[in-house]
Amino acid sequence: MITTDYVIGSPCWVELTTSDVDRALEFYGKVFDWTAESAGPETGGYLKILSEGALVGGLGPKMSEDDPVSWSIYYNTPDLDMSFQRARELGATALVEPMDVMGLGRMAHLSDPQGGTVALWEAGTLPGMERTDEPGTLMWAELWTPSAQGARAFYGGLFGWEFEDVDLPGGEGRYSTLRPAGLGEDRYFGGIMGMDPADLPQTGGRADWHPVFHVTDCDAAAAEVRKAGGQVLMGPEDAPGVGRLAACSDPLSAGFVLLTPNPG
């Protein structure tokens, strides 16, 4: 589960970069009943995403034509500069150098050795999301990568994550669940799935983080995705021991996953 105590290496923020802010807000408002408010005139059109009045993420326009339309998941660090340097030592490539964000905190973006974007956040006045792991909020973070072994080595070295490998049904490989170092089994917050680069066409075979959002009825939410102009790429289908899920993309191509977890 994702919690809001935000220890080192835990997901603390989710953010959509898009080519059409108004269209994206309309879509996610229909799917998750989100609302939004401006983060301020100095932020270049950045919006705070709200679920029932609680801050659950952010949404902003692309800063350049080369920026991808995508969701990013930020991971907490108490020392951004140290984590940034460590990521570089482990083979990451800098995308956005460490920078201050209006006293809210400090951020940086890197590309991991498999090409997936890793976003770092050192909290100032904003620790992160106010609500998680309930309907309309982030409940899991999943990395699709051409090298699960490489991803485990990188993120384990960067954050000290602990992993547990699970055999997938039908002999379809292994899935590695993730948790912050030193915490119990109730703190698994995400997973790593090794995939053939050919099965990652949207990123040209590079790794890609996907936010997984909690919904009360996966089938109904997937139907709303289609109705609102998005695509359901997989499912809805049952995942044994997990719940019912569907892989989707919004009308502007950003990917995400819907999940109705099993009771208990």
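The rules behind these values
- Residues numbered from 1 in each chain as written.
- Predicted model: local features only at pLDDT ≥ 70, side-chain atom pairs only at ≥ 80, totals over all residues.
- Heavy atoms only, no water.
- Salt bridge = Lys/Arg side-chain N within 4 Å of Asp/Glu carboxyl O.
- Helix = DSSP H or I, 4+ residues; strand = E, 2+ residues; numbered from the N terminus.
- Buried < 20%, exposed > 50% of the residue type's maximum accessible area, 1.4 Å probe, protein only.
- Pairing = 2+ DSSP bridges.
- Expected span 1.5 Å × (residues − 1).
- Arc of directions from axis to C-beta.
- Contact = heavy atoms within 4.5 Å.
- Axes fitted to C-alpha atoms, helices over the stretch in contact; angles between N-to-C directions.
- UniProt positions renumbered as here; feature names shortened; annotations may be inferred.
- Lys, Arg positive; Asp, Glu negative; His and termini not counted.

By the naming in an unreviewed UniProt entry, the protein chain is VOC family protein, taken from Nocardiopsis exhalans.

Draft legend 1. Structural context of the pattern of salt bridges. Inspection of the entire model under this criterion finds 16 salt bridges. Across the pair Arg106 and Asp81 runs a salt bridge, and its minimum N-O distance is 3.1 Å. With Arg106 in strand S7 (residues 105–111) and Asp81 in helix H2 (residues 80–89), the pair connects residues that are 25 residues apart, well separated along the chain. For Asp81, a relative accessible area of 42% puts it in the partly exposed group. The shortest N-O distance in the salt bridge between Glu134 and Arg131 comes to 3.2 Å. Assessed through its relative accessible area of 30%, Glu134 is described here as partly exposed. One network of salt bridges, in which partners are shared, links Asp81, Asp100, Arg106 and Glu122.

Draft legend 2. The pairing of strand S11 (residues 174–179), seen in detail. Counted residue by residue, S11 has 5 buried out of 6 residues, so it is predominantly covered. For strand S10 (residues 162–167) and S11, the ladder comprises 6 bridges, and the chain directions are antiparallel. Bridge pairing in S11 links Asp165 to Ser176. Of the strand pairs in this sheet, S11 and strand S12 (residues 190–194) are connected by 4 bridges, and their pairing is antiparallel. Within the sheet, the bridge partner assigned to Tyr175 lies in S12 and is Met193.

Draft legend 3. Layout of helix H3 (residues 148–159). With 12 residues, H3 extends 16 Å between its outermost C-alpha atoms, agreeing within 8% with the 16 Å of an ideal straight helix rising 1.5 Å per residue. Along H3, the residues classified as buried are Ala148, Ala151, Phe154, Tyr155, Leu158 and Phe159. The arc that holds the buried residues of H3, viewed along the axis, is 130°, so those residues lie on one side. Turned more than 90 degrees away from the buried face of H3, the exposed residues are Gln149 and Ala153. Contact partners of the buried residues in H3: strand S5 (70–76), H2, strand S8 (117–123), strand S9 (138–145), S12 and strand S13 (208–214). One or two steps after H3, the chain reaches Gly160, where phi turns positive at roughly 75°.

Draft legend 4. The arrangement of the sheet that holds strand S16 (residues 255–261) in detail. An order of S10-S11-S12-S9-S13-S16-S15-S14 is seen for the 8 strands of this open sheet, with the pairing classed as mixed. Edge strands, defined here as strands with exactly one partner in the open sheet, are S10 and strand S14 (231–239). Strand-to-strand twist across the sheet, computed as the mean angle between neighbouring axes with direction ignored, equals 25°. In this sheet, S13 lies alongside S9 in antiparallel orientation, the contact comprising 6 bridges. Directly across from Trp140, in S13, lies its bridge partner Val212. This element, helix H4 (residues 218–227), spans S14, strand S15 (243–249) and S16 of the sheet and lies at about 175° to S14.

Draft legend 5. Layout of the UniProt feature "domain: VOC" (unreviewed entry) in the protein chain. Residues annotated in UniProt with the feature "domain: VOC" (unreviewed entry) correspond here to residues 10–123 and 137–261. Between the C-alpha atoms that bound residues 10–123 there is a distance of 12 Å. The span itself is 19% helix and 47% strand.

Draft legend 6. Local environment of the sheet that holds S8. Across the sheet, 8 strands lie side by side as S2-S3-S4-S1-S5-S8-S7-S6; this open sheet has mixed pairing. Looking at which strands have only one partner, the edges of the open sheet turn out to be strand S2 (35–38) and strand S6 (93–100). For this sheet, the mean inter-axis angle between neighbouring strands, taken without regard to orientation, is 25°. Looking at chain direction, strand S3 (residues 47–51) and strand S4 (residues 54–61) are connected through 5 bridges and run antiparallel.

Draft legend 7. Structural context of the side chain of Glu142. As for its position among the elements, Glu142 is in strand S9. For the buried residue Glu142, which engages in no salt bridge, the nearest side chain bearing the opposite charge is Arg152, 13 Å off. Excluding its chain neighbours within four sequence positions, the residues that come into contact with Glu142 are Tyr175, Gly191, Asp208, Trp209, His210 and Val212.

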